[in-house]
Amino acid sequence: MDTVKVKDKLFGLYITEDKILSRVKELATKMNNDLAGKNPLFLVILNGSFVFAADLLRDITIPCEITFVRVASYEGDSSTGQIKHLLGLTQSIEGRTVVIVEDIVDSGFTMKELLHMLEDKNPAEVYISSLLVKPGNLKVDLDIPYRCFDIENEFIVGYGLDYDHEGRNLRHIYQVME
Ligand code: 5GP
Ligand code: MG
């Protein structure tokens, strides 16, 4: 099936599950090489990253730790950058190699604020990984060394990402149709 309806919008198939999984494997291999000996702490940003994280982290073969956090904002989930705080980070990250696992970087405001919040906790280093990046929308300077796909500025859904709380469980990634 090449199109899917989520709530009031029609979405077209954009990246298939097969293609996603092979890219995720490549990314894991790169991380296994780059981060060997660092015992990284993977910081999975809920909710959107849960599918990506489950696939990526099962291909990580070096010793590592995994924890789950949430970034709470004022108004829903929109890309306003109005972040209040980080929820769920109970362990110390001091001196650790931290790898953020994010679903999508759009304007980059969310990621920038997250980096600021983490820097206060004195990690040794922080790397960003993101399933998707919209380079055409980036409004801040960010180094994203681990990314699976650079995509267009259209709204996408599936493989963990939602449209108005639905569609996260779709296997493929779909793009909104006009
Ligand atoms: P940013 O702060 O980078 O502009 O936005 C990041 C957040 O906006 C993401 O974590 C995600 O929640 C949401 N977002 C941005 N673009 C999309 C998209 O195309 N689809 C979905 N489902 N969420 C998006
Ligand atoms: Mg996200």
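Residues numbered from 1 in each chain as written. Chains lettered and ligands numbered in written order. Predicted model: local features only at pLDDT ≥ 70, side-chain atom pairs only at ≥ 80, totals over all residues. Heavy atoms only, no water.

> Lay out the overall build of the chain with the relevant residues and their values.
From N to C terminus, the chain includes three helices and ten strands. Counted from the first residue to the last, the chain has its helices and strands arranged as β-β-α-β-α-β-β-β-α-β-β-β-β. Here the C-alpha atoms of the chain give a radius of gyration of 16 Å, agreeing with the 16 Å that 2.2 N^0.38 yields for 178 residues. Considering only C-alpha atoms, the chain reaches an extent of 45 × 35 × 25 Å along its principal axes. For the chain, the accessible area works out to roughly 9,100 Å², and carbon and sulfur atoms hold 47% of it. Mean positive and mean negative side-chain charge positions of the chain (19 and 28 charges, respectively) differ by 2 Å. (Helix = DSSP H or I, 4+ residues; strand = E, 2+ residues; numbered from the N terminus. Rg over C-alpha atoms; globule rule 2.2 N^0.38 Å. Areas by Shrake-Rupley, 256 points an atom, 1.4 Å probe, with all protein chains shown as cover. Lys, Arg positive; Asp, Glu negative; His and termini not counted. Charge placed at Lys NZ, Arg CZ, Asp CG, Glu CD.)

> Kindly report on the coordination of the magnesium ion (ligand 2), identifying the contributing residues and their values.
On the protein side, the magnesium ion (ligand 2) has Glu 102 (OE) and Asp 103 (OD) as donor atoms, found 2.3 to 2.5 Å from it. You can call Asp 103 buried: its relative accessible area is 12%. (Donors = N, O, S within 2.8 Å, 3.2 Å for Na, K, Ca; no water. Buried < 20%, exposed > 50% of the residue type's maximum accessible area, 1.4 Å probe, protein only.)

> Give me the sheet that holds strand 1 (residues 3–6): which residues, what numbers.
On the basis of which strands lie adjacent, the open sheet formed by four strands has the order 1-2-10-9 and antiparallel pairing. Looking at the sheet topology across the chains shown, the edges are occupied by strand 1 and strand 9 (156–157). Pairing of strand 2 (residues 9–15) with strand 10 (residues 173–176), which is carried by four bridges, proceeds in the antiparallel orientation. Looking across to strand 10, one finds that Ile 15 is bridged to Ile 173. (Pairing = 2+ DSSP bridges.)

> Now, about the packing of helix 1 (residues 17–34) against helix 2 (residues 50–58): what can you tell me, with residues and values included?
Packing of helix 1 against helix 2 brings their axes to within 8 Å, and their N-to-C directions diverge by 55°. Classed by the angle they form, the pair helix 1 and helix 2 counts as oblique. Along this stretch, helix 1 crosses helix 2, giving a crossing that reads as right-handed. Where helix 1 abuts helix 2, its residues Leu 21, Val 24, Leu 27, Ala 28 and Met 31 lie against Phe 52, Asp 55 and Leu 56. (Axes fitted to C-alpha atoms, helices over the stretch in contact; angles between N-to-C directions. Parallel < 35°, antiparallel > 145°, perpendicular 65-115°, else oblique. Left-handed = near helix turned anticlockwise from the far one by under 90°. Contact = heavy atoms within 4.5 Å.)

> Hey, could you go over the pairing of strand 4 (residues 65–73) for me, with residue numbers and the actual values?
Note that strand 3 (residues 41–46) and strand 4 share six bridges and pair parallel. Residue Ile 45 lies in a different strand from strand 4, and its bridge partner there is Val 69. Note on the crossover from strand 3 through helix 2 to strand 4: the handedness is right-handed. (Right-handed = clockwise from strand over helix to strand, strands pointing away.)

Treat this as a map of the structure, not an account of what it does.
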